[in-house]
Amino acid sequence: MRTARTAAALIAVIALAAGCSSSGGKDSEDSASGSSGGKAAGTPRLKIAMVTHSGEGDTFWDIVQSGAKQAASKDNVEFLYSNDKEANGQAQLVQAAIDKKVDGIVVTLAKPEAMKDVLAKAAQAGIPVVTINSGAEYSKEYGALVHFGQDESVAGEAVGEELNGRGLKKAVCVIHEQGNVSLEQRCAGVKKTFKGSLENLNVDGTNAPASQSSIEAKLQATADIDAVVTLGAPVAAIAVKAKEDAGSKAEIATFDLNAEVVKRLKAKEVGFAVDQQPYLQGYEAIDELWLYQTNGNVLGGGQTVLTGPAIVTEKDVPQLEKYTARGTR
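Report on the accompanying structure.

Conventions adopted
- Residues numbered from 1 in each chain as written.
- Predicted model: local features only at pLDDT ≥ 70, side-chain atom pairs only at ≥ 80, totals over all residues.
- Heavy atoms only, no water.
- Pairing = 2+ DSSP bridges.
- Helix = DSSP H or I, 4+ residues; strand = E, 2+ residues; numbered from the N terminus.
- Axes fitted to C-alpha atoms, helices over the stretch in contact; angles between N-to-C directions.
- Contact = heavy atoms within 4.5 Å.
- Buried < 20%, exposed > 50% of the residue type's maximum accessible area, 1.4 Å probe, protein only.
- Right-handed = clockwise from strand over helix to strand, strands pointing away.
- Salt bridge = Lys/Arg side-chain N within 4 Å of Asp/Glu carboxyl O.

With that out of the way, let us pick up the sheet that holds strand β1 (residues 46–52). What the 6 strands build is an open sheet, ordered β2-β1-β3-β4-β5-β11; its pairing is parallel. The sheet is open, and its two borders are formed by β2 (77–83) and β11 (305–308), each paired with just one other strand. If you compare each strand with its neighbour and ignore which way they point, the axes differ by 20 degrees on average. Note that β1 and strand β3 (residues 104–108) share 4 bridges and pair parallel. Looking at the pairing, Ala-49 lines up with Ile-105 of β3. Contacting β1, β2, β3 and β4 (129–132), helix α3 (residues 60–75) runs over the sheet at an angle of about 160 degrees to β2.

On to the pairing of strand β9 (residues 251–255). Of all 5 residues that make up β9, 4 are buried, and the element is covered over most of its length. In this structure, strand β8 (residues 227–230) lies alongside β9, joined through 4 bridges in parallel fashion. Counted as the bridge partner of Ala-227 is Glu-251 from β9. Once you follow β8 into helix α10 (residues 233–246) and on to β9, the crossover reads as right-handed. In this sheet, strand β10 (residues 272–275) lies alongside β9 in parallel orientation, the contact comprising 3 bridges.

Right, let's get into the pattern of salt bridges. Summed over all chains, the structure comprises 15 salt bridges. Ionic pairing is found between Glu-152 and Arg-186, a salt bridge with its closest N-O pair at 2.8 Å. With a gap of 34 residues between them, Glu-152 in helix α7 (residues 152–165) and Arg-186 in helix α8 (residues 181–193) connect regions that are remote in the sequence. Lys-218 serves as the salt-bridge partner of Glu-199, at 2.8 Å between the closest nitrogen and oxygen.

Moving on: the pairing of strand β6 (residues 170–175). Among the 6 residues that make up β6, 5 are buried, leaving the element largely enclosed by the rest of the structure. Alignment of β6 against strand β7 (residues 197–202), held across 6 bridges, turns out to be parallel. Looking across to β7, one finds that Val-174 is bridged to Leu-201. With α8 bridging β6 and the parallel β7, this β-α-β connection has right-handed handedness. Two strands pair when backbone bridges link them, and β6 and β8 are joined in this way by 4 bridges, in the parallel orientation. Opposite Ala-171, over in β8, you have Ala-227 as the bridge partner.

What follows is the structure, encoded as structure tokens:
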């Protein structure tokens, strides 16, 4: 928990820095839409690519892109986004970015081994790399300047403690992308601190009906499950419906936020959520590459720059609603 408090303190520092920049708040929104007449940085135009492992329909990455686009607008950066849920496809997209001779690459390391060789090629081409969201422990080894994200194990441990505090005894942890190291770390973290029993359930997060059927079947087959932990906001909504159809009384908890999760927190259909602030991951990644290219700066001192975790509940809804409505939380 001391580590979690340290993470929370770093979140506050990062959020304050973003809030105090010339592109923060309402002025930032106006500038991004071109309505304020704000000007981008006077530094040379850069081209930065972001390549993620996102599957179709995952709103988490919309929020990441929202932050990245805001930073790109401020920093006079042409922002190029692409994604592929398959590791080999993601590696090919990184190679395409290298071939375009971009000035920087932001990449996720959900399945790190598949990215090792292509990131070595980026280094050989002199293209700086920043990693976000997943695979923090591989970031430095693969030559990245810095990693922005949460410590997945610590986040999982925080969820386990929260489940204990709610008196829950039997949980299922729903992994929506098999083989994703970060998702596996989350479930392992939950299991480490949760005093009850925990079982993992693999589903296909890109197939909502099949995922719902799998969760529903599990709840029907094991009636004493009293907690379902999902690892992404879209899966939380699926779990709520599965719970209803199964006639279960299990509490739903989830990693990550979006407007739908906040709505369900308000309705008490989701007990709590873990916020890793994806907007910051996108924003800080682009900003770091701009700072590096224009001023030689590197954030983090060789350590992961933490953007989470933070546990949010229905008490946080009034503040969160306005941010999720505009796609920044």
